[in-house]
8 protein chains.
Amino acid sequence: MVKQPLVSIIMGSDSDLPTMKECALVLEEFGIPYEVIISSAHRVPEGTAAYAKEAAGRGIQVIVAGAGVAAHLAGVIAAHTPLPVIGVPIQSGALKGLDSLYSIVQMPAGIPVATVAIDGARNAGILAVQILGVKDPELREKITGFKEKMSQKVVEKNQKLQEKGWRKYLEG
Amino acid sequence: MVKQPLVSIIMGSDSDLPTMKECALVLEEFGIPYEVIISSAHRVPEGTAAYAKEAAGRGIQVIVAGAGVAAHLAGVIAAHTPLPVIGVPIQSGALKGLDSLYSIVQMPAGIPVATVAIDGARNAGILAVQILGVKDPELREKITGFKEKMSQKVVEKNQKLQEKGWRKYLEG
Amino acid sequence: MVKQPLVSIIMGSDSDLPTMKECALVLEEFGIPYEVIISSAHRVPEGTAAYAKEAAGRGIQVIVAGAGVAAHLAGVIAAHTPLPVIGVPIQSGALKGLDSLYSIVQMPAGIPVATVAIDGARNAGILAVQILGVKDPELREKITGFKEKMSQKVVEKNQKLQEKGWRKYLEG
Amino acid sequence: MVKQPLVSIIMGSDSDLPTMKECALVLEEFGIPYEVIISSAHRVPEGTAAYAKEAAGRGIQVIVAGAGVAAHLAGVIAAHTPLPVIGVPIQSGALKGLDSLYSIVQMPAGIPVATVAIDGARNAGILAVQILGVKDPELREKITGFKEKMSQKVVEKNQKLQEKGWRKYLEG
Amino acid sequence: MVKQPLVSIIMGSDSDLPTMKECALVLEEFGIPYEVIISSAHRVPEGTAAYAKEAAGRGIQVIVAGAGVAAHLAGVIAAHTPLPVIGVPIQSGALKGLDSLYSIVQMPAGIPVATVAIDGARNAGILAVQILGVKDPELREKITGFKEKMSQKVVEKNQKLQEKGWRKYLEG
Amino acid sequence: MVKQPLVSIIMGSDSDLPTMKECALVLEEFGIPYEVIISSAHRVPEGTAAYAKEAAGRGIQVIVAGAGVAAHLAGVIAAHTPLPVIGVPIQSGALKGLDSLYSIVQMPAGIPVATVAIDGARNAGILAVQILGVKDPELREKITGFKEKMSQKVVEKNQKLQEKGWRKYLEG
Amino acid sequence: MVKQPLVSIIMGSDSDLPTMKECALVLEEFGIPYEVIISSAHRVPEGTAAYAKEAAGRGIQVIVAGAGVAAHLAGVIAAHTPLPVIGVPIQSGALKGLDSLYSIVQMPAGIPVATVAIDGARNAGILAVQILGVKDPELREKITGFKEKMSQKVVEKNQKLQEKGWRKYLEG
Amino acid sequence: MVKQPLVSIIMGSDSDLPTMKECALVLEEFGIPYEVIISSAHRVPEGTAAYAKEAAGRGIQVIVAGAGVAAHLAGVIAAHTPLPVIGVPIQSGALKGLDSLYSIVQMPAGIPVATVAIDGARNAGILAVQILGVKDPELREKITGFKEKMSQKVVEKNQKLQEKGWRKYLEG
């Protein structure tokens, strides 16, 4: 990546990468430069804190943090930065991401984390773009276009369904 | 309010106002102009859609939507705008806000809602400020100051605790 | 379909079709004309609203809406129509349909959605028939016959079990 | 009540009456004749079965059944009638109505119960009216009017909020 | 079976048989004559009621009822008999038996169901034997022997573990 | 109590007594001699084990064990006796009895506990009577009478409701 | 406190003190010197990290950390110290401590937190004493004595119950 | 094992061994002698009690107890020993370990169990080492080294990610 990254995608373990790459993919769709980091609130606490503290100074505008089980990463990052932090609860272990959701969304007053759905890495990326759109009118227009394309796809699926009927549609 | 509002605080019912006012208060702390709206995804669906569609054009940068039970408001707003939408699940009824949390945070791919804690209206406001900080460096500095003050308060409470001991501290 | 559809089966995504087709199948058993639509409360909000508003005028009597995760479709439809709306929570994602159930059943006062079990598309179809039976005495008699047949099937299974014993029954 | 009741409101205990009366009140708003019954799937099983079996013959068109805890009433009623049955889970005991919701909504294939929110008796009544509207065009128009009035109320609250500001609005 | 059955094993569907057969197997271990019945509280409500009402007169002493989802079978049986009724929640559908557990265990005052674990058919059988042991001292002694054998098995496994070490034990 | 107790009511703490007394009251209604014991699986483990082991020899026929939070009492008792053990989960602490329900009902294969509803002490008593009825035909007849009386009460309430209408009924 | 503290009781907010003081009280019962600290993983992240890193060097042997909602404090402390860390989930907000329990107990591999019950500050103190008992045989004997006294209290309550009967016992 | 074991790993069934062996493996990493025991609170209650009572006298310093479903083992062990007891909830059955977590962590006041995550046997082992570190300064240093190695591993993974980019990293 040559361009200055605007979004940081950070995750607690490389096992989160197959989920979190959806965030990277959507940022690429919008042409947003980003970086991807593996760190851990519990295993590399000082490195994580240092990273969070320096992020704004390095030009990062939004941080997306994904983690599973007792997912403290997003909250710990948020504690060290004035940037908006988006949290992605990741489904893993016996509680299927409910532990992760509660650990991320139920932040105490003063330190918000913008939480998306369990395994919602793609939405985290779109939300990051919407946030960057506050500064960048072109980007906001792109979002409008992106939503129209998404809408169009559903409309086309419905047209296909109306033409073929549901039985043939299900056959593919 | 004379200044052009940058943040819209919308809620599904006036019974949500005692919770959502915390969002307004924190925006005032940061000097962010805002507007407060009662609408309803279910009772005023067209008005809500129209409001969401026009918000960006009117200069709104972030929308904060609070609702209880099957809380569709934030998702419905998000469907009609390219702006970042923050959702506040509100505790009400038998399920104590868990229904509202699930209805807001578990948005399908394509339409994110930045969800905060149940009754987390104050954090919704801070998150809105952090998002505006992407565009406004002065605001970002204010956030850093805000966090330092918050930190200082905890440090002072701890000092008082060390001086008095916990028994006297509890007496007040 | 040549006949005027009486029931609309609408779903948020074509991935819901393998579940929702059970509704279509049971309507066919009763000879009820229906239509099947893919739309989305979040991706095609205006199309969905327009569809809901026009449904009654087009002769639709009951709308069955199926969706997963933060399932707003049934509620949004219900907001735009005086018709009875049946909601089918669809199992998908980490929360296995509990998010969808809460999003559909916990509707605020004024806008009911008649909710059936998670993945209960077949029951949604039967419920639609029961509702149409309010107007059509022949249909109500058919329901009574349908229930008798269902009852008979259980009785026959039990007879087979009594004759063969459970060990042989389990062998098939 | 002189007129032939069209809706039956049945509940498992007289302790459910303060909740279920909301259903009666909304039926009165629409001018729908109804009857109110206390029975119990467990304490009066034969009386309940007999009542359910005879309801359709007596001209009842919709049955609304409310019960708490292991709420079998709606399901048992549905087993004995071809009429649409609306179930109202009632909040009571340690599980706060979640037990009741699961007992009512998770009906097996073949015997649907149209479930509304926990303590959602008012919505049960509106749903009953919507179902009766399938037969009665005038009633359907009344529903449209009812929804407009509901919408108007929200709009008026919002106007008042805009005029007074939220601080004065909260003062009352 | 020639002998008069003392225990009735009843289930809502033949899909429950692979789980419920564990109850039959343990009754055979204790030499208790039993019968196995498929019925359904919702699909064969009158047959189920009749069966429950006649059970005591036919010499049945304990009824074991297994069902999934909104599991009303045990409660409906209990409503029609003075016999002790044991309920087995069966894991099925999206809620994995939690719906069934709540529907069975949370019975209102007056009509108890002796509930065992989700899929706990074997324990239902042992509990039935313990109940019959109230009348039959020989049976109670058999239970004591059964528990000793169960205890012995654990002790032997532990001895094998001590001799082999856990690595070899895991190899088999 | 002069008569040999047939039922033992044991609880983990005297704070459970206001709930568990309902069990005693219903046993008195049926004329069943009982004893009430405070013990604790965790605080008096040996006394509890000794009590459980000796109960059968002392003529006890059924043990009812009530406890809150991580409620091990019923399971520990069941481990030491061939008698049927009824468990009453008691609502206390943050999880409102759900912890207690899971700790009691989810017993592993081999050691059943007949679980009733959270705070279902009255039903535990009725279940104990039903179990004693296996041995005592007179008692079984009493149960039938008890159920008829219960049924009659509901019927009378309904008659009163029909006579007065629900508005006056609610006034008392 | 003159003596070198062996146990640190740290909490996220002074609103946790009424719960956490139970930990202090039980440590005093055992004569264990302790210190009480208010800090916050999110509001004072660096101070909290510094405190955790220095605790072992200052002679602290066990850290007890109590926090509510998305309770990251115990995990963050554990990330910075080789000492055993005991976590106390504190009941607060809409989810009643379940969020806090999941955030504390579901720690990823490598960084354990010894979790006690929601609001279980007293048990956290006893556990700290048991851990110190590993080094201090006298303390272990005290624990044995403490458990005997606890046992004795239950036995005495039971004796009182046997003498008075439950009716008089309940009167006080 | 020649050396006196310091940690006892006890589990309710040999089906828990594939999970609990992670505890043994981490103890071996630290050179801590241990023993592995299969016992059962319900099937071998007296053997389990005797084992727990004798453990401290035999030189055991920490007991790790793993069990599934209504997991009483850790609590029952804790009732009989002054040693610190670590509980490992094991995922099994319909409730996926949530029953086990509640049964272990929600211990009543007086008898703590140091609970780790569902299936968290490795963390149970690390916690046992941390507890032994209270007595053994060398061990505490080893823990610090262990944490550094763990940290280093994450750092290396991140370096590899930065060098290869996420696409190649995912390819392996």
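Just so we're clear, the structure is a prediction, and the values are computed from it rather than from any experiment. (Residues numbered from 1 in each chain as written. Chains lettered and ligands numbered in written order. Predicted model: local features only at pLDDT ≥ 70, side-chain atom pairs only at ≥ 80, totals over all residues. Heavy atoms only, no water.)

A. Structural view of empty space enclosed by the protein. One pass over the structure, following the stated rule, counts one cavity of 30 Å³ or more. For the largest cavity, the calculated volume is near 30 Å³. In this structure, the largest cavity is lined by Ile126(A), Gln130(A), Ile143(A), Phe146(A), Lys147(A), Ala78(B), Gly110(B), Ile111(B) and Pro112(B). Per-element accounting of the lining of the largest cavity gives the leading share, three residues, to helix α6 (residues 137–171) of chain A. Classifying every residue of the lining of the largest cavity gives six nonpolar, two polar and one charged. (1 Å grid on protein atoms, 1.4 Å probe; cavity = no way out; pocket = protein on both sides within 12 Å on 5 of 7 lines; lining within 4 Å. Points joined across faces, edges and corners; volume = space filled by probe spheres on them. Helix = DSSP H or I, 4+ residues; strand = E, 2+ residues; numbered from the N terminus. Nonpolar A, V, L, I, M, F, W, Y, C, P; charged D, E, K, R; others polar.)

B. The arrangement of the packing of helix α5 (residues 121–133) of chain D against helix α6 (residues 137–171) of chain D in detail. All names here are of chain D. Axis separation between α5 and α6 bottoms out at 7 Å; the angle between their running directions is 140 degrees. The angle between α5 and α6 places the two elements in the oblique class. Counting all contacts with α5, which are made through Arg122, Ile126, Val129, Gln130, Leu132 and Gly133, the residues of α6 involved are Pro137, Leu139, Arg140, Ile143 and Phe146. Residue classes in the contact of α5 with α6 are distributed as seven nonpolar, two polar and two charged. (Axes fitted to C-alpha atoms, helices over the stretch in contact; angles between N-to-C directions. Parallel < 35°, antiparallel > 145°, perpendicular 65-115°, else oblique. Contact = heavy atoms within 4.5 Å.)

C. Layout of the domain arrangement of chain A. Residue and element names in this part refer to chain A. As far as domains go, chain A holds domain 1 (7–135) and domain 2 (137–172). When each unit is reduced to the centre of its C-alpha atoms, the spacing between domain 1 and domain 2 is 29 Å. Approximately 790 Å² of surface area, both sides summed, lies buried where domain 1 meets domain 2, with 71% of it carried by carbon and sulfur atoms. By the criterion of area lost to domain 2, the three top residues of domain 1 are Phe30, Gln130 and Gly133, representing 56% of everything that side buries. Between the two partners, domain 1 and domain 2, sit zero salt bridges. Between domain 1 and domain 2 we count one residue pair in polar contact (both at pLDDT 80 or more) in total. Going through the elements one at a time, α1 (17–29) and α5 (121–132) are the ones with two or more residues in the side of domain 1 that touches domain 2. Element by element, the count of residues in the side of domain 1 that touches domain 2 is highest for α5, at five residues. (Domains from an automatic or database assignment. Buried area = accessible area lost by both parts, 1.4 Å probe. Salt bridge = Lys/Arg side-chain N within 4 Å of Asp/Glu carboxyl O. Polar contact = N/O pair within 3.5 Å; in protein donor to acceptor, adjacent residues only side chain to side chain.)

D. Representation of the relation of the copies chain A and chain B in the model. Note on the copies: chain A fits chain B at an RMSD of 0.0 Å, the axial shift is 0.0 Å, and the rotation between them is 180 degrees. Such a combination of turn and shift is consistent with a two-fold rotation axis. Interface overlap between copies: 100% of the residues of chain A at the interface are likewise at the interface in chain B, consistent with a symmetric, same-surface contact. (Least-squares fit on C-alpha atoms with pLDDT ≥ 70 in both.)

E. Spotlight on the pairing of strand β4 (residues 85–90) of chain B. Residue and element names in this part refer to chain B. Within β4, six of the six residues are buried, leaving the element largely enclosed by the surrounding structure. Burial of the side chains of β4 extends over both faces: Val85, Gly87 and Pro89 are buried on one face and Ile86, Val88 and Ile90 on the other. The pairing of strand β3 (residues 62–68) with β4 spans six bridges and is parallel. What sits directly across from Ala65, in β4, is Gly87. Handedness of the crossover joining β3 and β4 through helix α3 (residues 73–79): right-handed. Where β4 and strand β5 (residues 114–115) come together, two bridges link them in parallel fashion. Note on β5: the bridge partner recorded for Ile86 is Ala114. (Buried < 20%, exposed > 50% of the residue type's maximum accessible area, 1.4 Å probe, protein only. Pairing = 2+ DSSP bridges. Right-handed = clockwise from strand over helix to strand, strands pointing away.)

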